Amino acid sequence: MKKSGTRMAKSLCVLAFAAMAGGCAGMGARLSPEAMGAHMTILALNMANNRAEIAEGQLALTNAAAPAVREFAQEMVTEHTANMQQQQALMDQMGITADMLAALPVTRQMEANHQAAMQALGPVRGAAFDRAYMERQAAMHRYALEQLDALMRNASGEVEVTGGTPVAMEPPRLNPGPAMALEQQSRAMIAEHEQHAQQVRTTLGGAM
(Lines give C-alpha, C1' and ligand atoms only; values in the text may rest on other atoms or scores of the structure.)
Protein backbone atom coordinates (compact mmCIF):
# COMPACT_ATOMS: atom_id res chain seq x y z
CA MET A 1 0.00 0.00 0.00
CA LYS A 2 2.83 2.35 0.91
CA LYS A 3 4.66 1.64 -2.34
CA SER A 4 1.48 2.22 -4.31
CA GLY A 5 1.00 5.61 -2.61
CA THR A 6 4.58 6.55 -3.37
CA ARG A 7 4.17 5.64 -7.04
CA MET A 8 0.97 7.72 -7.22
CA ALA A 9 2.75 10.69 -5.66
CA LYS A 10 5.60 10.41 -8.17
CA SER A 11 3.11 10.26 -11.03
CA LEU A 12 1.41 13.41 -9.77
CA CYS A 13 4.78 15.14 -9.65
CA VAL A 14 5.50 14.32 -13.28
CA LEU A 15 2.03 15.26 -14.50
CA ALA A 16 1.93 18.57 -12.66
CA PHE A 17 5.31 19.66 -13.96
CA ALA A 18 4.99 18.27 -17.49
CA ALA A 19 3.81 21.62 -18.76
CA MET A 20 6.74 23.34 -17.10
CA ALA A 21 9.14 20.95 -18.79
CA GLY A 22 7.62 21.74 -22.16
CA GLY A 23 8.35 25.42 -21.59
CA CYS A 24 12.05 24.72 -21.77
CA ALA A 25 11.84 22.47 -24.84
CA GLY A 26 11.75 25.31 -27.30
CA MET A 27 14.99 26.60 -25.79
CA GLY A 28 16.77 23.29 -26.39
CA ALA A 29 16.28 21.61 -22.99
CA ARG A 30 13.61 20.29 -20.69
CA LEU A 31 13.44 19.34 -17.05
CA SER A 32 14.17 15.73 -16.14
CA PRO A 33 11.46 13.72 -14.33
CA GLU A 34 13.66 13.87 -11.21
CA ALA A 35 13.78 17.66 -11.42
CA MET A 36 10.00 17.83 -11.92
CA GLY A 37 9.46 15.69 -8.83
CA ALA A 38 11.89 17.81 -6.81
CA HIS A 39 10.06 21.00 -7.77
CA MET A 40 6.74 19.50 -6.73
CA THR A 41 8.16 18.34 -3.42
CA ILE A 42 9.58 21.81 -2.77
CA LEU A 43 6.16 23.34 -3.33
CA ALA A 44 4.59 20.82 -0.95
CA LEU A 45 7.27 21.36 1.68
CA ASN A 46 7.02 25.11 1.43
CA MET A 47 3.22 25.17 1.59
CA ALA A 48 3.13 22.87 4.63
CA ASN A 49 5.87 24.88 6.31
CA ASN A 50 4.03 28.15 5.69
CA ARG A 51 0.82 26.80 7.20
CA ALA A 52 2.63 25.46 10.26
CA GLU A 53 4.53 28.68 10.84
CA ILE A 54 1.36 30.77 10.60
CA ALA A 55 -0.59 28.57 13.02
CA GLU A 56 2.25 28.27 15.52
CA GLY A 57 2.97 31.99 15.28
CA GLN A 58 -0.67 32.78 16.05
CA LEU A 59 -0.48 30.47 19.07
CA ALA A 60 2.67 32.28 20.24
CA LEU A 61 0.93 35.65 20.00
CA THR A 62 -1.51 34.33 22.61
CA ASN A 63 0.77 32.21 24.83
CA ALA A 64 4.18 33.93 24.73
CA ALA A 65 5.42 36.27 27.47
CA ALA A 66 8.67 37.80 26.17
CA PRO A 67 8.27 40.79 23.78
CA ALA A 68 11.06 39.39 21.57
CA VAL A 69 9.18 36.11 21.17
CA ARG A 70 5.92 37.88 20.36
CA GLU A 71 7.73 40.06 17.81
CA PHE A 72 9.26 36.97 16.23
CA ALA A 73 5.87 35.25 16.13
CA GLN A 74 4.30 38.22 14.36
CA GLU A 75 7.12 38.16 11.82
CA MET A 76 6.40 34.48 11.16
CA VAL A 77 2.69 35.11 10.65
CA THR A 78 3.23 38.11 8.36
CA GLU A 79 6.05 36.78 6.19
CA HIS A 80 4.84 33.20 5.84
CA THR A 81 1.36 34.45 4.92
CA ALA A 82 2.85 36.60 2.15
CA ASN A 83 5.00 33.71 0.90
CA MET A 84 2.03 31.33 0.92
CA GLN A 85 -0.06 33.79 -1.10
CA GLN A 86 2.73 34.14 -3.66
CA GLN A 87 3.02 30.38 -3.98
CA GLN A 88 -0.73 29.93 -4.32
CA ALA A 89 -0.84 32.46 -7.16
CA LEU A 90 1.98 30.61 -8.94
CA MET A 91 0.27 27.26 -8.41
CA ASP A 92 -2.95 28.64 -9.85
CA GLN A 93 -1.07 29.67 -13.00
CA MET A 94 0.50 26.21 -13.30
CA GLY A 95 -2.71 24.30 -12.60
CA ILE A 96 -1.29 22.69 -9.47
CA THR A 97 -3.92 21.95 -6.85
CA ALA A 98 -3.80 21.47 -3.09
CA ASP A 99 -4.77 17.82 -3.60
CA MET A 100 -1.63 17.22 -5.67
CA LEU A 101 0.53 18.54 -2.83
CA ALA A 102 -1.46 16.67 -0.18
CA ALA A 103 -0.67 13.37 -1.95
CA LEU A 104 3.06 13.80 -1.38
CA PRO A 105 4.73 12.14 1.65
CA VAL A 106 6.47 15.38 2.67
CA THR A 107 3.08 17.04 3.26
CA ARG A 108 1.90 14.29 5.57
CA GLN A 109 5.22 14.30 7.42
CA MET A 110 5.23 18.07 7.92
CA GLU A 111 1.59 18.15 9.02
CA ALA A 112 2.09 15.33 11.53
CA ASN A 113 5.09 17.12 13.00
CA HIS A 114 3.11 20.36 13.20
CA GLN A 115 0.15 18.73 14.93
CA ALA A 116 2.47 17.16 17.51
CA ALA A 117 4.04 20.56 18.16
CA MET A 118 0.67 22.25 18.56
CA GLN A 119 -0.46 19.61 21.06
CA ALA A 120 2.74 20.03 23.05
CA LEU A 121 2.77 23.85 22.97
CA GLY A 122 -0.95 24.49 23.36
CA PRO A 123 -1.24 24.10 27.16
CA VAL A 124 2.05 25.94 27.88
CA ARG A 125 2.18 29.62 28.85
CA GLY A 126 4.67 32.33 29.69
CA ALA A 127 8.43 31.78 29.94
CA ALA A 128 8.09 28.01 29.52
CA PHE A 129 6.24 28.56 26.25
CA ASP A 130 8.83 31.07 25.08
CA ARG A 131 11.65 28.58 25.48
CA ALA A 132 9.75 25.64 23.94
CA TYR A 133 8.48 27.68 20.99
CA MET A 134 11.89 29.12 20.15
CA GLU A 135 13.50 25.68 20.43
CA ARG A 136 10.90 24.42 17.97
CA GLN A 137 11.44 27.37 15.64
CA ALA A 138 15.21 26.98 15.53
CA ALA A 139 14.89 23.26 14.78
CA MET A 140 12.04 23.65 12.29
CA HIS A 141 13.80 26.26 10.19
CA ARG A 142 17.07 24.33 10.23
CA TYR A 143 15.25 21.19 9.04
CA ALA A 144 13.45 23.11 6.28
CA LEU A 145 16.75 24.55 5.04
CA GLU A 146 18.40 21.13 4.91
CA GLN A 147 15.48 19.67 2.96
CA LEU A 148 15.27 22.61 0.56
CA ASP A 149 18.98 22.53 -0.20
CA ALA A 150 18.84 18.84 -1.09
CA LEU A 151 15.70 19.24 -3.21
CA MET A 152 16.94 22.33 -5.02
CA ARG A 153 20.04 20.45 -6.15
CA ASN A 154 17.80 17.80 -7.73
CA ALA A 155 15.48 20.44 -9.21
CA SER A 156 18.30 21.95 -11.26
CA GLY A 157 18.60 18.88 -13.53
CA GLU A 158 17.92 19.22 -17.26
CA VAL A 159 17.85 16.86 -20.25
CA GLU A 160 18.98 18.17 -23.63
CA VAL A 161 16.47 18.00 -26.49
CA THR A 162 18.18 17.57 -29.85
CA GLY A 163 17.63 20.55 -32.08
CA GLY A 164 15.19 22.08 -29.65
CA THR A 165 12.39 19.80 -30.90
CA PRO A 166 9.15 20.63 -29.04
CA VAL A 167 7.90 18.03 -26.62
CA ALA A 168 4.59 16.46 -27.64
CA MET A 169 2.29 17.87 -24.98
CA GLU A 170 -0.11 20.72 -24.37
CA PRO A 171 1.47 24.19 -24.55
CA PRO A 172 2.71 25.18 -21.09
CA ARG A 173 1.20 28.00 -19.09
CA LEU A 174 4.38 28.68 -17.18
CA ASN A 175 8.11 28.23 -17.60
CA PRO A 176 10.15 26.76 -14.66
CA GLY A 177 11.88 30.10 -14.10
CA PRO A 178 9.19 31.59 -11.82
CA ALA A 179 9.06 28.40 -9.73
CA MET A 180 12.83 28.50 -9.23
CA ALA A 181 12.66 32.19 -8.32
CA LEU A 182 10.05 31.44 -5.65
CA GLU A 183 12.18 28.60 -4.31
CA GLN A 184 15.20 30.89 -3.96
CA GLN A 185 13.08 33.57 -2.30
CA SER A 186 11.59 31.04 0.12
CA ARG A 187 15.01 29.67 1.01
CA ALA A 188 16.36 33.14 1.74
CA MET A 189 13.36 33.87 3.97
CA ILE A 190 13.75 30.61 5.90
CA ALA A 191 17.50 31.15 6.36
CA GLU A 192 16.84 34.62 7.77
CA HIS A 193 14.17 33.23 10.10
CA GLU A 194 16.52 30.50 11.30
CA GLN A 195 19.14 33.09 12.25
CA HIS A 196 16.53 35.24 13.99
CA ALA A 197 15.21 32.22 15.88
CA GLN A 198 18.70 31.42 17.13
CA GLN A 199 19.20 35.00 18.27
CA VAL A 200 15.94 35.10 20.22
CA ARG A 201 16.62 31.66 21.63
CA THR A 202 19.99 32.88 22.92
CA THR A 203 18.43 35.85 24.71
CA LEU A 204 16.14 33.42 26.53
CA GLY A 205 19.08 31.35 27.69
CA GLY A 206 18.35 28.40 25.38
CA ALA A 207 21.12 25.85 24.83
CA MET A 208 22.84 26.18 21.48
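Residues numbered from 1 in each chain as written. Predicted model: local features only at pLDDT ≥ 70, side-chain atom pairs only at ≥ 80, totals over all residues. Heavy atoms only, no water.

**Some remarks on the overall build of the chain**
Then, in step 1: Broken down by element type, the chain carries 7 helices and 2 strands.
Then, in step 2: Put simply, the chain runs from its N terminus to its C terminus through helices and strands in the order α-β-α-α-α-α-α-β-α.
Then, in step 3: Expressed as a percentage of the 208 residues in the chain, the buried residues total 46%.
Then, in step 4: A separation of at least 24 residues holds for 85% of the contacts in the chain among residues at least 6 apart in sequence.
Then, in step 5: Surface exposure of the chain reaches about 10300 Å², of which carbon and sulfur atoms provide 57%. (Helix = DSSP H or I, 4+ residues; strand = E, 2+ residues; numbered from the N terminus. Buried < 20%, exposed > 50% of the residue type's maximum accessible area, 1.4 Å probe, protein only. Contact = heavy atoms within 4.5 Å. Areas by Shrake-Rupley, 256 points an atom, 1.4 Å probe, with all protein chains shown as cover.)

**A word on the pattern of salt bridges**
Where side chains of opposite charge bring their charged atoms close, a pairing between them can arise.
Then, in step 1: Taken as a whole and judged by the stated rule, the model has 3 salt bridges.
Then, in step 2: Of the charged contacts in the structure, one is a salt bridge between Arg-136 and Glu-56, with a shortest N-O distance of 2.8 Å. A residue pair is termed long-range when its members are at least 10 positions apart, and Arg-136 in helix α6 (residues 126-155) and Glu-56 in helix α2 (residues 33-63) qualify at 80 residues. Side by side, Arg-136 and Glu-56 carry an identical accessibility label, which is buried.
Then, in step 3: Residue Arg-201 pairs with Glu-135 through a salt bridge whose shortest N-O separation is 3.0 Å. Linking Arg-201 in helix α7 (residues 176-203) with Glu-135 in helix α6, this pair joins segments that are 66 residues apart in sequence. (Salt bridge = Lys/Arg side-chain N within 4 Å of Asp/Glu carboxyl O.)

**Some thoughts on the packing of helix α3 (residues 67-94) against α7**
Then, in step 1: Contact pair α3 / α7: the axes reach a minimum separation of 11 Å and the direction vectors enclose 170°. As summarised for this structure, α3 and α7 are arranged roughly antiparallel, according to the angle between their axes. Of α7, the residues touching α3 (which contributes Ala-68, Val-69, Phe-72, Glu-75, Met-76, Glu-79, His-80, Asn-83, Gln-86, Gln-87 and Leu-90) are Pro-178, Ala-179, Leu-182, Gln-185, Ser-186, Met-189, His-193, His-196, Ala-197 and Val-200.
Then, in step 2: In terms of residue class, the contact of α3 with α7 is made up of 11 nonpolar, 8 polar and 2 charged. (Axes fitted to C-alpha atoms, helices over the stretch in contact; angles between N-to-C directions. Parallel < 35°, antiparallel > 145°, perpendicular 65-115°, else oblique. Nonpolar A, V, L, I, M, F, W, Y, C, P; charged D, E, K, R; others polar.)

**Some details on the nonpolar core**
Then, in step 1: Judged by nonpolar contacts, the single largest core of 27 residues is most densely connected at Leu-43, Ile-96 and Leu-101.
Then, in step 2: For this core, the element with the highest residue contribution is α2, accounting for 8 residues.
Then, in step 3: Grouped together as the second largest cluster of nonpolar side chains are 15 residues, Ala-60, Ala-64, Leu-121 and Met-134 included. (Core = buried A, V, L, I, M, F, W, Y, C linked by side-chain atoms within 4.5 Å.)

**A closer look at the packing of aromatic side chains**
Then, in step 1: Under the definition given, this model contains 2 aromatic pairs.
Then, in step 2: Here the aromatic rings of Phe-72 and Tyr-133 are separated by 6.2 Å at their centres, their planes lie at 70°, and the arrangement is edge-to-face. Highlighted residues: Phe-72 in helix α3 and Tyr-133 in helix α6, separated in sequence by 61 residues.
Then, in step 3: We classify Phe-72 as buried; its relative accessible area is 0%.
Then, in step 4: An aromatic cluster of at least three residues, connected via ring pairs, comprises Phe-72, Phe-129 and Tyr-133. (Phe/Tyr/Trp six-rings, centres within 6.5 Å; stacked < 30°, edge-to-face > 60°.)

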